[in-house]
Amino acid sequence: MPLPPTLPLPAGLALPSVGLGTFRLRGADASGAVAAALEAGYRHIDTASIYKNEGEVAAGIAASGVPRREVFVTSKVSPYQQGEAAATAACKASLAALGRPIDLMLVHWPGVARQDAAAPGNADARRQTWRVLERYHREGAFRAIGVSNYEVRHLAELLSYAEVAPAVNQVECHPRWQQRELRAFCSDHSIAVVAYCSLGSGALLQDPTVQAVAASTGVTPAQALLLWGLRRGCAVIPKSADPRRIADVSPARLAQLWDRLTDDHLAALDALEAEQGQCKYAWDPSGIA
Ligand SMILES: NC(=O)c1ccc[n+]([C@@H]2O[C@H](COP(=O)([O-])OP(=O)(O)OC[C@H]3O[C@@H](n4cnc5c(N)ncnc54)[C@H](OP(=O)(O)O)[C@@H]3O)[C@@H](O)[C@H]2O)c1
């Protein structure tokens, strides 16, 4: 079976399985990386209001000459923007920066910034934010809506009241943080999983097992890690500011390398979590009530 170029979303939408992450990319670095990615064949860009680069993402798309409608853009309502009024303002600002419609809008985090993680107010605020996303979705401003960093219990709660079910859960996922239970839950509920930190924010590229798998299959460590995520059914959104690295893991390049990793190679990467222990590189939602 070849690399699935897209993952199915509700209403016939398709999420390109390889996108460019843009966390920490600012200014000309952000617009340049987006233009380089589109030149390399990417059609999926991941941004967020908290990255403060939505305008640069739009500028990079415009500079590339690729029509905006051909690019799948994800943005997110930040933990500082939870609740009816703040989320409404956040959605308006993202639409002004990125243009209408936005392909996928996510609740970035189940909690509220500067609020006690255990406080029950988190649940009320994210429910209000979800209602705002549903409203914009109904109006056609967001083609799909979803969440990020939701654990199984956050998803179960959301599914209990959602009028529009989440299309996506974007979560940290790589061989040292595999999210098996969460991925199974998402699969059971037709929620596509977008894996972030596939490269461990760069740290996993140095792992000896990753390097050995890469060397024995003729791929780079970055390609090996992204192939692992794709082979486990996730979309991936690696971030780089370097056009050569962006091209190195482009959708076409990963499609060429799709079957380089055998089941044994995948099993060696699967074993990392048990052999070396779990390792998380980004924020941890496990304490959010
Ligand atoms: N929803 C959330 O809460 C959340 C949290 C974290 C991340 N994300 C999203 O996921 C994206 C990816 O996560 P991430 O940025 O934390 O980490 P990542 O993609 O795991 O790793 C990025 C790092 O790897 C390096 N790199 C990239 N491609 C490479 C290659 N081919 N060879 C060698 N090094 C390479 C980059 O350096 P250079 O830039 O110098 O090339 C950068 O330092 C983010 O940009 C963001 O869009 C979402």
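Below: a short report on this structure. These numbers were taken from a predicted model, which means no experiment stands behind them. (Residues numbered from 1 in each chain as written. Predicted model: local features only at pLDDT ≥ 70, side-chain atom pairs only at ≥ 80, totals over all residues. Heavy atoms only, no water.)

1. Section: the side chain of D46
This is how the line gets drawn: Comment: elements are numbered from the N terminus, with helices defined as DSSP H or I runs of at least four residues and strands as E runs of at least two. The rule is simple: take the accessible area with a 1.4 Å probe, protein chains only, and divide by the maximum for that residue type; under 20% is buried, over 50% is exposed, in between is partly exposed. Under the rule applied, a polar contact is a pair of N or O atoms within 3.5 Å (in protein, one hydrogen donor and one hydrogen acceptor; residues adjacent in sequence only if both atoms are side-chain atoms). Two residues form a contact once any of their heavy atoms are found within 4.5 Å.
Within the secondary structure, D46 sits in strand 4 (residues 44-46). Classification of D46 by relative accessible area gives buried; the value is 2%. Side chain to side chain, D46 and K76 meet in a polar contact 2.7 Å long. If we skip the residues at most four places from it in the chain, D46 touches L20, G21, T22, Y51, T74, K76, Q170 and I237.

2. Observations concerning unusual backbone geometry
In this structure, P101 follows R100 across a cis peptide bond, with omega equal to 0°. The backbone phi angle of K52 is positive, close to 55°, even though this residue is not glycine. Examined against the element boundaries, K52 turns out to sit in the loop between strand 4 and helix 2 (54-64). Take K52: its relative accessible area is 57%, and that puts it in the exposed class. With a phi angle near 55°, S201 is a residue other than glycine that sits in the positive phi range. Relative to the elements of secondary structure, S201 occurs in the loop between strand 9 (192-196) and helix 7 (208-217).

3. Some details on the side chain of R126
Among the secondary structure elements, R126 is positioned in helix 4 (residues 121-138). Owing to a relative accessible area of 2%, R126 belongs among the buried residues under this scheme. Side chain to side chain, R126 and E157 meet in a polar contact 3.0 Å long. Residue contacts for R126: discarding those within four places in its chain leaves Q82, P110, Y150, H154, E157, Y161, I288 and A289.

4. Observations concerning the site of the ligand
Heads up, the rule is: A single heavy atom is enough: if one lies within 4 Å of a molecule or strand, its residue is considered near that molecule or strand. The protein chains shown are the only cover counted for residues, whose accessible areas, like all others here, come from Shrake-Rupley with a 1.4 Å probe. Each residue gets one label: Ala, Val, Leu, Ile, Met, Phe, Trp, Tyr, Cys and Pro are nonpolar, Asp, Glu, Lys and Arg are charged, and the others, such as Gly, are polar.
Around the ligand, the surrounding shell holds 27 residues, and the nearest of these are D46, N149, K239, S240 and R245. At 3.2 Å, a backbone N or O of T22 approaches an oxygen atom of the ligand. Note that an oxygen atom of the ligand is positioned 3.4 Å from one of the backbone N or O atoms of C197. Out of a free accessible area of 900 Å², the ligand has 86% covered by protein chains. Looking at the shell around the ligand residue by residue, the classes come out as 11 nonpolar, 11 polar and 5 charged.

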